[in-house]
Amino acid sequence: MSTNVAYYIPHKAVWPIIGTGGLMMMLAGFANYLNGNAIGPTMMILGLMVFIVMLTGWFALQSSESELGMYNHSVGISYRMGMMWFIFSEVMFFAAFFGALWYTRNISIDWLAGIGGGPGKSSNLLWPGFESVWPTNGPGNVGGDYEEMGAFGLPFLNTLLLLTSGVTCTWAHHGLLAKNRDQLIKGLMTTVGLGFLFVAFQAIEYYEAYHEMGLTLGSGVYGSTFFMLTGFHGFHVCVGAIILSVVLFRSWKGHFTPENHFAFEGAAWYWHFVDVVWVGLFIFVYIL
Amino acid sequence: MSAVTAENDGHHDHKPAKGFMRWIVTTNHKDIGTMYLVFALAMFFVGGVMALIIRSELFEPGMQFVEPQFFNSMTTMHALVMIFGAVMPAFVGFANWQIPMMIGAPDMALPRMNNMSFWMLVAGILLLFSTLFVEGGAPAAGWTMYPPLVLQTGNALPFAIFSIHLLGISSIMGAINIIATIFNMRAPAMSLMKMPLFVWTWIITAFLLIAIMPVFAGAVTMLLTDRFFDTSFFDAAGGGDPVLYQHLFWFFGHPEVYVLILPTFGIASTIIPVFARKPLFGYASMVYATAAIAFLSFIVWAHHMFLVGMPLVGELYFMYATMIIAVPTAVKVFNWTATMWKGAMTFETPMLFSVAFVILFTIGGFTGLMMSLAPVDFQYHDTYFIVAHFHYVLVPAAIFMIMAGCYFWLPKWTGNMYDERLGRLHFWLSVISVNVLFFPQHFLGLAGMPRRIPDYAVQFADWNMISSIGAFVYGFSQLLFVYIVYKTIRGIDCEKATDEVWEGASEHGLEWRLPSPAPYHTFETPPDEVPTEHF
């Protein structure tokens, strides 16, 4: 008998259309909000609620099917491949923003200052006196004066937090493999806790940036790259922590076995990915 | 185990559900493939109507029918609809139908996500169409959406951007599903180098999609924040650079055009051997050439930007890197030709389209090679020459092979032979009109007519008129295709198709060893033996 015989093919799927509807309503609502239409926020919240219902329902369905033993080894491989390539697509999403940071710092501000082989010296006529230094809010002093975000305050602490959470996540995994439920749950709780602590510290960091340092999303290209990179990362930390919370809940319910715990693995991979992105951010956004 | 399964999905008879809900909640790869193909066909006509509005306006010099702003909306929307609504979904439809049957799998690896991928596509296209009805009109800055121009779009901008996000999510889901299916669901006997070329080209396309769609999503997100949240990514005053957008866009955009053409190659490599009654010439070299083209597609993007003011070394690098693509592409054209060489050929409709594809794609490839030369491109850039070039590789290549694929596999899908006489008529109408439509655009471009302009100097009048006549003949000829497909599906005046459909086809692909029409569920147990004709 071949492996394909037992490959589980569901015969209907109601959550995808619900999730799509929710996401579409959320985005259409956001677009309406941006255009200043009063209906926007309502649509967004409704869409978000539908989306959350979809996530809850779909996750519940998947975990109950998994508990019924409907997913064999082969299905597990499909899920792992799916997660792996999803994370790769996320890597490419961040690559766009890292690429923007690299391009700005190494090419466009030099050219604006009339250095290098790009548009030549015409920039000196357009923006006389602009010097190529980083950080910058550009020759137009867009957003007004600001202070640079230092690396060795909260950001360094956050680096330690996130790296530690990577270790506790792996510790939990070892607990799972050794059938040590206590270690699994403690490890996961620590990981989730560290994750949310990271987000809280980042919120404080942002608050200080906006209220004490004059550094905002509108502070020229430095503010743009700083907040978009760290902001999208912070969003991914939230998503990762929520996924890990679901996994924690399932661990607490006693769902996983050393042989069958894709949900844990997927969440852990995602968490390590978020971790690695942060290391990249800490080096390229904060230190260099 | 089986008791558990039966308890949970309700129907162990493995027949499709009845009624309308079947299509909404389906997880069956054949149902989803059908939905993709029907949707793509509908969008092909919507995009086609937009094209005919453009060609009507350009029939004569002067302003005739539409406002310039609306004209520019049409060029923008025509491109977005054709790329994201017609060609890509058509190929995903083929992938859904064919890949499981070609590799001996019971279905796609992630059936629920497969369903979501389709509905995300519909949602994305609906958001895109909604821009036609908002204040300020649909996006009109071209499908490339360069800032700062695109930031002047009215209320349509956020809708267009979110539509791209949804389309991107849809493509990524589809691509992940295809990768998991091909790597995890193949019949044990089917090693990678025994896979049909269509499967090979799709897996490489899927990798391209996963790598590029997020970058596009990131780039348009920066457009959104530049417009609504005060960022300065593309604003020189704040230290940003509009050219950065072009780099990000074309890092997506260049591999994207190979997303449109690689599955085209795959269909051609599947059809030509069947009608030449020979194994595909140079199977391994076809695989490696596809991979080489995909790799090169990531390192040539700035050839779309020769006029943007790059340093000389950049111009030279992107020029030479681009020219290298001609090598693996030529390997492919050589292999198709060599496959036909001394073959016992017959010319049924799929083969007619395929032969036309080899010739006309080569013309499109040569004009591409011309424009890869930076100093030459300085003249051709943004003229009708580039319009002629990419339409030659998209219409008589991608669209023709989609048509060929439909004729080729419709008998397997429906159990009925299409009307060969009408099919050939459709082919000849298409192949003649498509050349009347696009060949004169080369002359217009070389003479200096710019693209995306609703009016033009009188010296361009004659060729524009001829081109527009070609456009109308081509457009209306496609209605014949709809009629043929409808007739075949309904089985009106059709012969029943045999299981093999095409003489000797079962030596070329697993799908031809299945009954016609293919049952709702196929290869629930994998086949013991797979065709080895590739060698």
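Residues numbered from 1 in each chain as written. Chains lettered and ligands numbered in written order. Predicted model: local features only at pLDDT ≥ 70, side-chain atom pairs only at ≥ 80, totals over all residues. Heavy atoms only, no water.

## Examining the overall build of chain B
So, point 1. Looking only at helices and strands, one finds 16 helices and zero strands in chain B.
So, point 2. Seen along its three principal axes, the alpha-carbon backbone of chain B occupies a region of about 65 × 55 × 45 Å.
So, point 3. Sorting the 535 residues of chain B into buried and exposed places 65% on the buried side.
So, point 4. Considering only residue pairs separated by 6 or more positions, chain B has 82% of its internal contacts joining residues 24 or more positions apart.
So, point 5. Carbon and sulfur atoms make up 70% of the accessible area of chain B, which totals about 18,100 Å².
So, point 6. Charged side chains of chain B number 22 positive and 33 negative; the gap between the two group centres comes to 9 Å. (Helix = DSSP H or I, 4+ residues; strand = E, 2+ residues; numbered from the N terminus. Buried < 20%, exposed > 50% of the residue type's maximum accessible area, 1.4 Å probe, protein only. Contact = heavy atoms within 4.5 Å. Areas by Shrake-Rupley, 256 points an atom, 1.4 Å probe, with all protein chains shown as cover. Lys, Arg positive; Asp, Glu negative; His and termini not counted. Charge placed at Lys NZ, Arg CZ, Asp CG, Glu CD.)

## Looking at the overall build of chain A
So, point 1. If you tally the helices and strands in chain A, you get eight helices and zero strands.
So, point 2. Helices (α) and strands (β) of chain A occur, in sequence order from the N terminus, as α-α-α-α-α-α-α-α.
So, point 3. In terms of its C-alpha atoms, chain A occupies a principal-axis envelope of roughly 75 × 45 × 40 Å.
So, point 4. For chain A, the residues scored as buried account for 50% of the 288 residues in total.
So, point 5. Partitioning the intrachain contacts of chain A with sequence separation of at least 6 by distance along the chain shows that 70% fall at a separation of at least 24.
So, point 6. Carbon together with sulfur atoms contributes 71% to the accessible area of chain A, which is approximately 12,800 Å² in total.

## Description of the domain arrangement of chain A
Many structure descriptions define interface size as the accessible area lost when the parts assemble.
All names here are of chain A.
So, point 1. With domains assigned, chain A is organised as domain 1 (1-71) and domain 2 (73-287).
So, point 2. Distance from the C-alpha centre of domain 1 to the C-alpha centre of domain 2: 25 Å.
So, point 3. The partner domain 2 presents eight residues to the seven residues of domain 1 that form the contact.
So, point 4. Together, Y7, E67 and Y71 form the three largest contributors to the area buried by domain 1 at its contact with domain 2, with a combined 57%.
So, point 5. Taken together, the links from domain 1 to domain 2 amount to one salt bridge. (Domains from an automatic or database assignment. Buried area = accessible area lost by both parts, 1.4 Å probe. Salt bridge = Lys/Arg side-chain N within 4 Å of Asp/Glu carboxyl O.)

## Observations regarding the packing of helix α14 (residues 384-414) of chain B against helix α16 (residues 461-490) of chain B
All names here are of chain B.
So, point 1. Where α14 contacts α16, the two axes come as close as 10 Å, and the packing angle between them is 15°. Relative to α16, the element α14 is oriented roughly parallel. Classified by chirality, the crossing of α16 by α14 is left-handed. For the pair α14 and α16, the contacting residues are V395, I399, F400, M403, C406, Y407, L410 and T414 in the first and Y474, Q478, F481, I484, V485, T488 and I489 in the second.
So, point 2. Tallied by class, the residues present in the contact of α14 with α16 amount to twelve nonpolar, three polar and no charged. (Axes fitted to C-alpha atoms, helices over the stretch in contact; angles between N-to-C directions. Parallel < 35°, antiparallel > 145°, perpendicular 65-115°, else oblique. Left-handed = near helix turned anticlockwise from the far one by under 90°. Nonpolar A, V, L, I, M, F, W, Y, C, P; charged D, E, K, R; others polar.)

## Section: the packing of aromatic side chains
Residues and elements named next belong to chain B.
So, point 1. Tallying each qualifying case throughout the model produces 79 aromatic pairs over all chains.
So, point 2. Ring centres of F198 and W409 lie 5.8 Å apart, and the angle between their planes is 55°; this geometry places the pair in the tilted category. Here the residue F198 occupies a position in helix α7 (residues 197-228), and W409 occupies one in helix α14, the gap between them amounting to 211 residues. Like F198, the residue W409 is buried in the burial classification. (Phe/Tyr/Trp six-rings, centres within 6.5 Å; stacked < 30°, edge-to-face > 60°.)

## Things to note about α16(B)
Along an α-helix, residues three or four positions apart point the same way, because every turn accommodates 3.6 residues.
So, point 1. Over its 30 residues, α16(B) extends 45 Å from the first C-alpha to the last, a length consistent with the 44 Å expected when each residue adds 1.5 Å.
So, point 2. Positive backbone phi, approximately 70°, marks G491(B), located one or two places after α16(B). (Expected span 1.5 Å × (residues − 1).)

## So, helix α2 (residues 39-67) of chain A
So, point 1. Between its first and last C-alpha atoms α2(A) spans 42 Å; for 29 residues at 1.5 Å apiece the expected length is 42 Å, and the two agree.
So, point 2. Elements that come into contact with the buried residues of α2(A) comprise α1 (15-34), α3 (73-112) and α7 (220-252) of chain A together with α5 (111-130) of chain B.
So, point 3. Directly beyond the C-terminal end of α2(A), a positive phi value near 80° is found at G69(A).

## Observations regarding the interface of chain A and chain B
So, point 1. On the side of chain B, 74 residues touch chain A, which itself brings 74 residues to the contact.
So, point 2. At the junction of chain A and chain B, the tally comes to one salt bridge.
So, point 3. A salt bridge links E65(A) to R112(B), with the shortest nitrogen-to-oxygen separation between them at 2.7 Å.
So, point 4. There are 14 residue pairs in polar contact (both at pLDDT 80 or more) connecting chain A and chain B.
So, point 5. When residues of the side of chain A that touches chain B are traced back to their parent elements, those giving at least two are α1, α2, α3 and α7 of chain A.
So, point 6. With 21 residues, α3(A) is the single largest residue contributor to the side of chain A that touches chain B.
So, point 7. Across the side of chain A that touches chain B, the residue classes break down as 46 nonpolar, 26 polar and two charged. (Polar contact = N/O pair within 3.5 Å; in protein donor to acceptor, adjacent residues only side chain to side chain.)

## Some words on the side chain of H29(B)
Residues and elements named next belong to chain B.
So, point 1. Position of H29 among the secondary structure elements: in helix α3 (residues 29-57).
So, point 2. Reaching out from H29, the side chain makes a polar contact with the backbone oxygen of N96 at a distance of 2.7 Å.
So, point 3. With near-sequence residues (within four places) excluded, H29 lies in contact with N96, W97, P100, M101, P106, D107, M108, N114 and T522.

## Structural notes on the environment of S64(A)
All names here are of chain A.
So, point 1. For S64, the position within the fold is in helix α2.
So, point 2. Classification of S64 as partly exposed rests on a relative accessible area of 35%.
So, point 3. Linking S64 and H255, residues 191 residues apart in sequence, is a C-alpha distance of 9.4 Å.

## Notes on a nonpolar patch on the surface
So, point 1. A cluster of nonpolar side chains, contributed by F152(A), F156(A), L157(A), L160(A), L163(A), V279(A), I283(A), F284(A), I287(A) and L288(A), occupies part of the molecular surface with about 870 Å² of accessible area.
So, point 2. Mapped onto the nonpolar patch, the elements with two or more residues apiece are α5 (154-177) and α8 (262-287) of chain A. (Patch = residues over 30% accessible without salt bridge, like charges linked within 9 Å, V, L, I, M, F, W, Y side chains within 5 Å.)

## Focus: the pattern of salt bridges
Residues and elements named next belong to chain A.
So, point 1. Per the stated rule, a full pass over the model turns up nine salt bridges over all chains.
So, point 2. Taking the shortest distance from any N to any O, the salt bridge between D182 and K186 comes out at 3.1 Å. Of this pair, D182 and K186 both sit in helix α6 (residues 181-211), four residues apart, roughly one helical turn.
So, point 3. Judged by relative accessible area, which is 46%, K186 ranks as partly exposed.

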